[in-house]
Amino acid sequence: MKRAVVTGASSGIGAATVRALRRAGWPVVGVARREDRLKELAEETGAEYFVADVTSDADVEALREYLAASGGVGALVNNAGGAAGMDSVENGSTADWQWMFDVNVLAVRRVTSALLPLLRASVEPGGSADILTVSSTAAHWSYEGGGGYNAAKFAVHSLVDVLRLELSGEPIRVLEIAPGMVKTEEFSLNRFKGDQDRAESVYANVPDPLSADDVAATITAMLTMPPHVSLDLVVIKPVAQSAVYKVARGELKVKE
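Residues numbered from 1 in each chain as written. Predicted model: local features only at pLDDT ≥ 70, side-chain atom pairs only at ≥ 80, totals over all residues. Heavy atoms only, no water.

## Points about a negative patch on the surface
Logical step 1: Among the surface-exposed residues, Glu 35, Asp 36, Glu 40 and Glu 43 lie close enough to one another that they form a single negatively charged patch.
Logical step 2: Following the sequence through the fold, Glu 43 ends up in helix α2 (residues 35-45).
Logical step 3: When its relative accessible area of 67% is taken as the criterion, Glu 43 is described as exposed. (Patch = residues over 30% accessible without salt bridge, like charges linked within 9 Å, V, L, I, M, F, W, Y side chains within 5 Å. Areas by Shrake-Rupley, 256 points an atom, 1.4 Å probe, with all protein chains shown as cover. Salt bridge = Lys/Arg side-chain N within 4 Å of Asp/Glu carboxyl O. Lys, Arg positive; Asp, Glu negative; His and termini not counted. Charge placed at Lys NZ, Arg CZ, Asp CG, Glu CD. Helix = DSSP H or I, 4+ residues; strand = E, 2+ residues; numbered from the N terminus. Buried < 20%, exposed > 50% of the residue type's maximum accessible area, 1.4 Å probe, protein only.)

## Digging into the pattern of salt bridges
Logical step 1: What the rule picks out here adds up to 9 salt bridges.
Logical step 2: Of the charged contacts, one joins Lys 2 and Asp 130 as a salt bridge, the two residues approaching to 2.3 Å between their closest N and O atoms. Of the two residues, Lys 2 sits in the segment before β1 (4-7) while Asp 130 sits in strand β5 (residues 129-134), which places them 128 residues apart along the sequence.
Logical step 3: With a relative accessible area of 0%, Asp 130 lands in the buried category.
Logical step 4: Several salt bridges converge on common partners, so that one network encompasses Lys 2, Asp 130 and Arg 173.

## Concerning the pairing of strand β7 (residues 233-236)
Logical step 1: Here β7 shows one buried face, formed by Val 234 and Ile 236, and one open face, formed by Leu 233 and Val 235.
Logical step 2: In this sheet, β7 lies alongside strand β6 (residues 172-179) in parallel orientation, the contact comprising 4 bridges. Looking at β7, one finds that Pro 179 is bridged to Ile 236. (Pairing = 2+ DSSP bridges.)

## Points about the packing of helix α1 (residues 12-23) against α2
Logical step 1: Where α1 contacts α2, the axes come no closer than 10 Å and their chain directions differ by 20°. Between α1 and α2, the angle falls in the class roughly parallel. In this structure, α1 crosses over α2, and the sense of that crossing is right-handed. Residue-level inspection shows Ala 15, Val 18, Arg 19 and Arg 22 of α1 in contact with α2, the latter providing Leu 41, Glu 44 and Thr 45.
Logical step 2: By residue class, the composition of the contact of α1 with α2 is 3 nonpolar, 1 polar and 3 charged. (Axes fitted to C-alpha atoms, helices over the stretch in contact; angles between N-to-C directions. Parallel < 35°, antiparallel > 145°, perpendicular 65-115°, else oblique. Left-handed = near helix turned anticlockwise from the far one by under 90°. Contact = heavy atoms within 4.5 Å. Nonpolar A, V, L, I, M, F, W, Y, C, P; charged D, E, K, R; others polar.)

Laid out in structure tokens, this is it:
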């Protein structure tokens, strides 16, 4: 079984992905900044962990060295990311935009570049290595208030597309999952800088938004497809979400 590395593993989709892959029998290394969260996850699941900030060249180089010395890596899940604010392009915070590009785009490039030699080295005859990046429906459809997040996620989608072309001819699958509305403990809370009421309003009266476990199960399915099958792009949304900006609230009913 391939060894997987999951970034942003201290909460949300990242932590759920570590759990799902461990249940499927994968060796997993969870990567994040918060060591206390990673320790709890490791105790719960038996996963390994490595404390690193994926926006730091030095931290990512230390991660590469650790993985090279301890068994390599066959699958990379670029999950670390996030949104900050919902201001207009005119009134947006440059600092927020900078952070979103650092964590959603540059970190993906940094980690992918550092681990590619290890991913190549892991490929066995008839097998493949995997680079799976968690983007967002915001990478494909724009919406008001999403300028910075849209721009960052569109950029990472383009990065993934280019990487797939660059790795053509190699047995490395370049995969993208674009989740829509996912209710996690931190995403909207972080986006609205701790405003709990505003964060909760995003999901108010929405029947069954996706959970982190839903996305993690899909990631696991993508990674466990036969090695010649590449699910290049998977868009996953709750049934209540017809589009990024169109969400049904209240009970779903068939028309009479």
